[in-house]
Amino acid sequence: MARTKSTKPARAEQASGEEAPNPVWFKPVMFGFMLLGLAWIIVFYVSQGKLPIADLGSWNILIGFGIAFVGFLMTTRWR
């Protein structure tokens, strides 16, 4: 008795160097960091240095850029 070939296509094997796609939460967190950093800097300028943390003074700019930079670093791992 001869076997008939299946009409289903063969499943493509994942290459060993390829990694799985990002989890669902990755993109919102990435954009969240970028927007939070931007908002931190805008609040600092609009409040004339009184907010978000007045005791830090101009370090608030570095904190805002640092938070946004984390988001930009996450873009390198986005698939």
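This structure is a prediction, so every number in the text was calculated from the model and none was measured. (Residues numbered from 1 in each chain as written. Predicted model: local features only at pLDDT ≥ 70, side-chain atom pairs only at ≥ 80, totals over all residues. Heavy atoms only, no water.)

A. Representation of the pattern of salt bridges. In the structure shown here, the tally under the stated rule is 1 salt bridge. Between E19 and R79 there is a salt bridge; the shortest N-O distance is 2.5 Å. Remark: R79 occurs in the segment after helix 2 (59–74) and E19 occurs in the segment before helix 1 (26–46); sequence separation between them is 60 residues. Among the residues examined, E19 registers a relative accessible area of 48% and is labelled partly exposed. (Salt bridge = Lys/Arg side-chain N within 4 Å of Asp/Glu carboxyl O. Helix = DSSP H or I, 4+ residues; strand = E, 2+ residues; numbered from the N terminus. Buried < 20%, exposed > 50% of the residue type's maximum accessible area, 1.4 Å probe, protein only.)

B. Region of the structure containing helix 1. With 21 residues, helix 1 should cover 30 Å at 1.5 Å per step; its first-to-last C-alpha distance of 30 Å lies within 8% of that length. For helix 1, the set of buried residues is F26, M30, M34, G37, W40, I41 and F44. The arc enclosing the buried residues of helix 1, seen along the axis, measures out at 120°, which places them on a common side. Exposed side chains of helix 1 directed beyond 90 degrees from the buried face belong to P28, L35 and V46. (Expected span 1.5 Å × (residues − 1). Arc of directions from axis to C-beta.)

C. Focus on the packing of helix 1 against helix 2. In the contact formed by helix 1 and helix 2, the axes pass within 8 Å of each other and the chain directions differ by 160°. The pairing of helix 1 with helix 2 is recorded here as roughly antiparallel in orientation. Note that helix 1 runs across helix 2; the crossing there is left-handed. Residues F26, V29, M30, F33, M34, L36, G37, W40, I41, F44 and Y45 of helix 1 lie in contact with helix 2, whose contacting residues are N60, I61, I63, G64, F65, I67, A68, V70, G71, F72 and M74. Of the residues belonging to the contact of helix 1 with helix 2, the class tally is 18 nonpolar, 4 polar and no charged. (Axes fitted to C-alpha atoms, helices over the stretch in contact; angles between N-to-C directions. Parallel < 35°, antiparallel > 145°, perpendicular 65-115°, else oblique. Left-handed = near helix turned anticlockwise from the far one by under 90°. Contact = heavy atoms within 4.5 Å. Nonpolar A, V, L, I, M, F, W, Y, C, P; charged D, E, K, R; others polar.)

D. Quick look at the side chain of N60. Positionally, N60 belongs in helix 2. Excluding its chain neighbours within four sequence positions, the residues that come into contact with N60 are W40, F44, L51, P52 and I53.

E. Broad picture of the environment of G32. Along the chain, G32 falls in helix 1. C-alpha of G32 to C-alpha of A68: the two residues are 36 residues apart in sequence and 8.7 Å apart in space.

F. Summary view of the UniProt feature "transmembrane region" (unreviewed entry) in the protein. What UniProt calls "transmembrane region" (unreviewed entry) maps, in this numbering, to residues 29–47 and 59–78. The span residues 29–47 carries 95% helix and 0% strand; its end-to-end C-alpha distance comes to 26 Å. (UniProt positions renumbered as here; feature names shortened; annotations may be inferred.)

G. Broad picture of unusual backbone geometry. Look at the link from L51 to P52: it is a cis peptide, with omega at -5°. With respect to the helices and strands, the residue P52 is situated in the loop between helix 1 and helix 2.

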